[in-house]
Amino acid sequence: MSEKIRTLLFTVAVTALFTLLVSGINALLKERIEINRSVARQRVILGLFGLITSERQVADSEVPTLFAEQIEPVKFATDTAFECYRRKNSTEDVFVFAFSGQGFWDNILGFIAVDSKSQQIRGIEFTKHGETPGLGGRISEPEFKARFKERSFATKRSDGLYFRMVAEGSANRGDEIDGITGATGTSSAVEKIVNRSLAYFASLNQGGNSN
Amino acid sequence: MNNGPVKGFAALKRMLWEENPVIGQILGICSALAVTNLVKNTLVMCLGLIFTLAMSCFTVSLMRNVIPRRVRMIIQVLIIAAYVIFIKIVLDAFLPEISNELGPYVGLIITNCIVMGRTEGYAMANKPVDSILDGIGAGIGYSLVLLPIAMIREPLGLGSFFGIQVIPADWTKWNMMVIAPSGFFALATYIWIVRALKSGGEKR
């Protein structure tokens, strides 16, 4: 009997000790991890507004200041949880908003920049995805993201979409975008997510925003 | 497997070739398939595994005389998990970009059978210093298999090496090499070659 109690006590004690150690380290570094995450997000948003480029690099420590100076959130009355930003004191109607949806393996999250006056996509960034590295994972490569640039979403196609992802190298119309060979699942997931997000943003923006 | 205790650097050395955990014991296959399509991910995975192995083996060995036999496996998993979470937190805090790219791979070190194989098979019965050497040896042995496979899969599948394009763009990429099944083929071929070399050595 005492052997059983000793085993139990030992297990509880060791578990408590290691839990304590791990939570201690987590508590020590938590703030740093939070800052890293928020800097990474702000960096993506600033990049989509063209405020951080490969020629104009900004150090991690300056990202929050730049973000606070240049960017303000936009709130829509019909969906207050919708994450959307624009530049402060800008005459342009460029918005950056968050999107998410089911990818081939895991959820795909990211941001899209749109010009609501000319109805064009300014850029797209994927902040989180679990697609196969080298195949679907290519969505985060600059070359793939560039395929969305300057695309107009003023009118819908007859099938109700703004764009269709087609076989890589075969896109020859404004409403067709090259997909990724070997990643048909990812391509059609991205097609679905981007079309849905753009339609949703258009419907929100029509209702007017209340800052 | 262990005929009498192997001590000191002999414990490290045998893991590289004679008792290599992947080739000889067919352990750690799951991660060998998952991460070897990119050299960079493989390298971080290997370093993470070497650290986890060394620390887990050391800790288990220190506690080996007080761990009740009945719960020894649970305690080992607990110790391994604690070190892996430690690596994950440190990566998140200091190398957020690499941590983001590796995604779930770091957490998967917990499920790497080599770690538990070494803690249960060696550290539970040997002194701390020997156990560290045994753990590091097993980690390096694992790396010696994974890195060459990654060095073949990444160039053939993606035309790049360590993320840098090394093969001209008109090269037709072998998409097959990027997905997990090719990991099986590459690993099997590697084990076949090594086994042939080994048995050739024995005959002589």
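Residues numbered from 1 in each chain as written. Chains lettered and ligands numbered in written order. Predicted model: local features only at pLDDT ≥ 70, side-chain atom pairs only at ≥ 80, totals over all residues.

## Section: the overall build of chain A
(1) Moving on: On a plain count of helices and strands, chain A comes out with 4 helices and 7 strands.
(2) Moving on: Sequence-ordered secondary structure for chain A, helices as α and strands as β, is α-α-β-β-β-β-β-α-β-β-α.
(3) Moving on: The C-alpha atoms of chain A give a radius of gyration of 22 Å, which is well past the 17 Å a tight globule of 211 residues would have.
(4) Moving on: For chain A, with 211 residues in total, the buried portion stands at 27%.
(5) Moving on: When contacts within chain A are restricted to residue pairs at least 6 apart in sequence, long-range pairs at least 24 apart make up 47% of them. (Helix = DSSP H or I, 4+ residues; strand = E, 2+ residues; numbered from the N terminus. Rg over C-alpha atoms; globule rule 2.2 N^0.38 Å. Buried ≥ 20, exposed ≤ 12 C-beta atoms within 10 Å, placed from the backbone. Contact = placed C-beta atoms within 7 Å.)

## Concerning the overall build of chain B
(1) Moving on: A count of helices and strands for chain B gives 8 helices and 2 strands.
(2) Moving on: The order of α-helices and β-strands along chain B, N terminus first, is α-α-α-α-α-α-α-β-β-α.
(3) Moving on: In terms of overall dimensions, chain B is globule-like: its C-alpha atoms have a radius of gyration of 18 Å, near the 17 Å expected for 204 residues.
(4) Moving on: Relative to its full complement of 204 residues, chain B shows a buried share of 42%.
(5) Moving on: Contacts in chain B between residues at least 24 apart in sequence constitute 76% of all its contacts with a sequence separation of at least 6.

## Structural notes on the domain arrangement of chain A
Residue and element names in this part refer to chain A.
(1) Moving on: Per the domain assignment, the segments making up chain A are domain 1 (1-70) and domain 2 (74-206).
(2) Moving on: The C-alpha-based centres of domain 1 and domain 2 are spaced at 29 Å.
(3) Moving on: For the side of domain 1 that touches domain 2, the element with the highest residue contribution is helix 1 (residues 2-48), accounting for 5 residues.
(4) Moving on: In terms of residue class, the side of domain 1 that touches domain 2 is made up of 4 nonpolar, 2 polar and 1 charged. (Domains from an automatic or database assignment. Nonpolar A, V, L, I, M, F, W, Y, C, P; charged D, E, K, R; others polar.)

## Examining the environment of A:Ser2
(1) Moving on: Assignment of secondary structure puts A:Ser2 in helix 1.
(2) Moving on: Remark: the alpha-carbon pair of A:Ser2 and A:Ser197, spanning 195 residues in sequence, is separated by 63 Å.

## What to know about the interface of chain A and chain B
(1) Moving on: With 22 residues of chain A at the interface, the matching set in chain B holds 22 residues.
(2) Moving on: Residue classes in the side of chain A that touches chain B are distributed as 11 nonpolar, 9 polar and 2 charged.

## Looking at helix 4 (residues 72-94) of chain B
(1) Moving on: Here helix 4 of chain B spans 33 Å end to end across 23 residues, near enough to the 33 Å set by a 1.5 Å rise per residue.
(2) Moving on: Turning to helix 4 of chain B, its buried residues number three or more, namely B:Ile75, B:Gln76, B:Ile79, B:Ile80, B:Ala82, B:Tyr83, B:Val84, B:Ile87, B:Lys88, B:Ile89, B:Asp92 and B:Ala93.
(3) Moving on: For helix 4 of chain B, the secondary structure elements touched by its buried residues are helix 1 of chain A together with helix 3 (39-62), helix 5 (96-102) and helix 6 (113-121) of chain B. (Expected span 1.5 Å × (residues − 1).)

## Describing unusual backbone geometry
Residues and elements named next belong to chain A.
(1) Moving on: Despite not being glycine, Gln119 shows a phi value in the positive range, around 55°.
(2) Moving on: Here Gln119 lies in the loop between strand 4 (107-115) and strand 5 (120-128).
(3) Moving on: Phi at Glu150 takes a positive value of approximately 65°, unusual for a residue other than glycine.
(4) Moving on: Looking at the secondary structure, you find Glu150 in the loop between helix 3 (142-145) and strand 6 (164-166).
(5) Moving on: Residue classification places Glu150 among the exposed positions, given that 12 C-beta atoms sit within 10 Å.

## Topic: the nonpolar core
(1) Moving on: Counting 47 residues, the largest nonpolar core has B:Leu53, B:Cys57, B:Tyr83, B:Tyr142, B:Val145 and B:Leu146 as its most contacted members.
(2) Moving on: Broken down by secondary-structure element, the contributors of at least two residues to this core are helix 1 (8-16), helix 2 (29-35), helix 3, helix 4, helix 6, helix 7 (128-158) and helix 8 (180-203) of chain B.
(3) Moving on: Element by element, the count of residues in this core is highest for helix 3 of chain B, at 11 residues.
(4) Moving on: Discounting residues that sit within four places of it in the chain, B:Cys57 has contacts with B:Arg118, B:Thr119, B:Tyr122, B:Ala123, B:Ser131, B:Ile132, B:Asp134 and B:Gly135.
(5) Moving on: Counting residues in hydrophobic clusters, the runner-up holds 40 residues, among them A:Val63, A:Ala113, A:Ile180 and A:Leu198. (Core = buried A, V, L, I, M, F, W, Y, C linked by C-beta atoms within 7 Å.)

## Here's the deal with the pairing of strand 4 of chain A
For a regular strand, the rule is simple: side chains alternate between the two faces of the sheet.
Residues and elements named next belong to chain A.
(1) Moving on: Sheet analysis places strand 3 (residues 94-102) next to strand 4, joined by 9 bridges and oriented antiparallel. The residue bridging Val96 from the neighbouring strand is Ala113, located in strand 4.
(2) Moving on: In the sheet, strand 4 pairs with strand 5 via 7 bridges, with the strands oriented antiparallel. If you follow Phe111 over to strand 5, its bridge partner there is Glu125.
(3) Moving on: Linking strand 4 back to strand 5 in an antiparallel pair, the connection comprises 4 residues, with Gln119 at a positive phi of about 55°. (Pairing = 2+ DSSP bridges.)

## What to know about the confidence of the model for chain B
(1) Moving on: Averaged over every residue, the pLDDT of chain B is 86; residues scoring 70 or more account for 96%.
(2) Moving on: Interface confidence for the predicted complex, given as ipTM, is 0.76, next to a pTM of 0.76. (pLDDT = per-residue confidence, 0-100.)

## Thoughts on the packing of helix 1 of chain B against helix 7 of chain B
Residues and elements named next belong to chain B.
(1) Moving on: Viewed as axis vectors pointing N to C, helix 1 and helix 7 meet at an angle of 20°, and their least axial separation amounts to 7 Å. When the interaxial angle is binned, helix 1 and helix 7 end up roughly parallel. Crossing of helix 1 over helix 7 shows right-handed handedness. For the pair formed by helix 1 and helix 7, the contact residues are Gly8, Phe9, Ala11, Leu12, Lys13, Met15 and Leu16 on the first element and Asp130, Leu133, Asp134, Ile136, Gly137, Ala138, Ile140, Gly141 and Leu144 on the second. (Axes fitted to C-alpha atoms, helices over the stretch in contact; angles between N-to-C directions. Parallel < 35°, antiparallel > 145°, perpendicular 65-115°, else oblique. Left-handed = near helix turned anticlockwise from the far one by under 90°.)

## Quick notes on the sheet that holds strand 3 of chain A
Residue and element names in this part refer to chain A.
(1) Moving on: Sheet architecture is open: 5 strands sit in the order 1-2-3-4-5, paired in antiparallel fashion. Strands with a single pairing partner mark the edges of an open sheet, and in this sheet they are strand 1 (71-73) and strand 5. Averaged over neighbouring strand pairs, the angle between their axes works out to 25° when direction is ignored.
(2) Moving on: Pairing of strand 1 with strand 2 (residues 84-87) involves 3 bridges; the strand directions are antiparallel. In the sheet register, Ile71 faces strand 2, and the bridge partner there is Arg87.

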